Amino acid sequence: MSPATDRLARPAATPPAAPPTTAKPSARVRRRTAWQGASFTVPYFLGFALFIVVPVIVGLSESLYTKKSSGLGFGGQSVTFSGLDNFTRGLNDEAFWGGMLRVTLFALVVIPIIQIASLAAALLLDELGRRAAGRFRVALLIPHMVPGIVAILIWIYLYSPAVGPITPFFSLFGIDADFYSGALIWVSIGNIMAWSSIGFNILVVYGALQNIPREIFDSARVDGASTLRIAWSIKVPFVRTSLVLTSVLAIIATLQIFSDPLLFRSMTPETVDRNFTPIMMIYDQAFAVGDLSYASALSIILAAVVGIASAVFYKLTNRKPT
């Protein structure tokens, strides 16, 4: 058979099948899908509006008025519009800014200590490996899961010079440690804050460490980098975002510290006065003095200070690793 005849006898090659075409959803379907996804956020926004936006609006409205008693105080109270007088009074209140200075200095000391301890512990866990680190996760979360009031009451009992075990322990070494005294009250509060937050911070940083590609570490070891060099030059820059997040949360919590000094005040009122922190002064003005208007103004001033401090810290520290 000639080549020409052979080519004619062969069956024609079947053309390759065209790839299946997927029809794009219509605009109506896409819109319905988008609304279905957005509907899952409705409970959050309802809660945010009910418990955040509405109280802020009510507090702002309340801060613009002043309640005054008539005569000797036996008559009723008159509510008058005072504008920004409560804010002016708050901005010039030495007791309020004295409490703000105390918590600011406390934050400048305790937050770096907590962050450094959390980072160091997370790096050690990362070196142990996932299987060994998994054994510590529940233990690290236990302090964070304990209700704050319960934890403070437990520590107040431990600090007690009369019935607590800590003071007798230090006395064995000749150390007279009174954790209710003015010299150690912030140490006591800082220890409680560290105990309740370090475990949570460790897990946040450790989770960020697990997202770093392991090949980077292998390449660094081939180049002769030590474990400390890898931790400082590779791991720490990669977890900077997590450190910034936990630091911002710590700033917000520290500047608004309330339950710790309030419960300590029940044990040592001569050390912790009613204006010890900004929140304690706001609480006293609202529920002891009964001046809700001034308390609302102080609350808004405190919220502004916390927001500005958090924004400045975030701006200065949240930079992408080079």
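What counts and what doesn't
Residues numbered from 1 in each chain as written. Predicted model: local features only at pLDDT ≥ 70, side-chain atom pairs only at ≥ 80, totals over all residues. Heavy atoms only, no water. 1 Å grid on protein atoms, 1.4 Å probe; cavity = no way out; pocket = protein on both sides within 12 Å on 5 of 7 lines; lining within 4 Å. Points joined across faces, edges and corners; volume = space filled by probe spheres on them. Helix = DSSP H or I, 4+ residues; strand = E, 2+ residues; numbered from the N terminus. Nonpolar A, V, L, I, M, F, W, Y, C, P; charged D, E, K, R; others polar. Axes fitted to C-alpha atoms, helices over the stretch in contact; angles between N-to-C directions. Parallel < 35°, antiparallel > 145°, perpendicular 65-115°, else oblique. Left-handed = near helix turned anticlockwise from the far one by under 90°. Contact = heavy atoms within 4.5 Å. Patch = residues over 30% accessible without salt bridge, like charges linked within 9 Å, V, L, I, M, F, W, Y side chains within 5 Å. Areas by Shrake-Rupley, 256 points an atom, 1.4 Å probe, with all protein chains shown as cover. Salt bridge = Lys/Arg side-chain N within 4 Å of Asp/Glu carboxyl O. Buried < 20%, exposed > 50% of the residue type's maximum accessible area, 1.4 Å probe, protein only. Expected span 1.5 Å × (residues − 1). Bend = angle between axes of the 7 residues up to and from the residue.

## Re the layout of surface pockets
- The calculated volume of the largest pocket comes to roughly 530 Å³.
- Breaking the lining of the largest pocket down by element, the ones donating at least two residues are helix 7 (137–145), helix 8 (148–159), helix 10 (185–210), helix 13 (240–255) and helix 14 (259–267).
- For the lining of the largest pocket, the element with the most residues is helix 10, which contributes six residues.
- Of the residues assigned to the lining of the largest pocket, the class counts are 13 nonpolar, nine polar and one charged.
- Computed from the structure, the second largest pocket encloses a volume of approximately 230 Å³.
- Surrounding the second largest pocket, Met-100, Thr-104, Ala-107, Leu-108, Ile-111, Pro-112, Ile-251, Leu-255, Val-305, Ala-309 and Phe-313 form its lining.
- Looking at the lining of the second largest pocket, the elements with two or more residues in it are helix 5 (94–128), helix 13 and helix 16 (292–317).

## Concerning the packing of helix 8 against helix 10
- Across the interface, helix 8 lies against helix 10 with an axial gap of 11 Å and an inter-helix angle of 135°. What the angle tells us is that helix 8 and helix 10 run oblique. Helix-helix and strand crossings are classified by hand; for helix 8 and helix 10 the assignment is right-handed. Within the contact between the two elements, helix 8 uses Ala-151, Ile-152, Trp-155 and Tyr-159 and helix 10 uses Ser-188, Asn-191, Ile-192 and Trp-195.
- Partitioned by chemical class, the residues of the contact of helix 8 with helix 10 number six nonpolar, two polar and no charged.

## A few points about the packing of helix 3 (residues 42–63) against helix 16
- Their axes nearest at 7 Å, the elements helix 3 and helix 16 cross at an angle of 120°. The angle between helix 3 and helix 16 places the two elements in the oblique class. Note that helix 3 runs across helix 16; the crossing there is left-handed. Side by side, helix 3 and helix 16 meet where Gly-59, Leu-60, Glu-62 and Ser-63 of the first sit next to Leu-292, Ser-293, Ser-296, Ala-297 and Ile-300 of the second.
- Residue composition of the contact of helix 3 with helix 16, by class: four nonpolar, four polar and one charged.

## Points about a nonpolar patch on the surface
- On the surface, a cluster of nonpolar side chains totalling about 930 Å² of accessible area is made up of Tyr-44, Phe-45, Phe-48, Leu-50, Phe-51, Ile-52, Val-53, Val-56 and Ile-57.
- Turning to its location among the elements, Phe-45 is positioned in helix 3.

## A look at the side chain of Ser-63
- Turning to its location among the elements, Ser-63 is positioned in helix 3.
- Since its relative accessible area comes to 0%, Ser-63 is described here as buried.
- In this structure Ser-63 touches Ser-82, Gly-83, Asn-86, Phe-87, Ser-293, Ser-296, Ala-297 and Ile-300, once residues within four positions along its chain are discounted.

## Considerations on the pattern of salt bridges
- Counted by the stated rule, this structure contains six salt bridges.
- Across the pair Arg-89 and Asp-291 runs a salt bridge, and its minimum N-O distance is 3.3 Å. Taken as a pair, Arg-89 in helix 4 (residues 85–91) and Asp-291 in the loop between helix 15 (278–289) and helix 16 lie far apart in primary sequence, 202 residues in all.
- On the accessibility criterion, Arg-89 (41% relative accessible area) is partly exposed.
- In this structure, the salt-bridge partner of Lys-235 is Glu-127, at a minimum N-O distance of 2.8 Å. One end of the pair, Lys-235, is in helix 12 (residues 227–238); the other, Glu-127, is in helix 5, with 108 residues separating them in the sequence.

## Details of helix 3
- Relative to the 32 Å expected for 22 residues at 1.5 Å per residue, helix 3 spans 30 Å between its end C-alpha atoms, a close match to the ideal helical length.
- At Ala-49, helix 3 shows its strongest bend, of approximately 35°.

## A look at the environment of Val-244
- For Val-244, the location among the structural elements is in helix 13.
- Taking C-alpha positions, Val-244 is 6.5 Å from Asn-318, a pair spaced 74 residues apart along the chain.
- Val-244 has contacts with Phe-313, Tyr-314, Thr-317 and Asn-318, leaving out every residue within four places of it along the chain.

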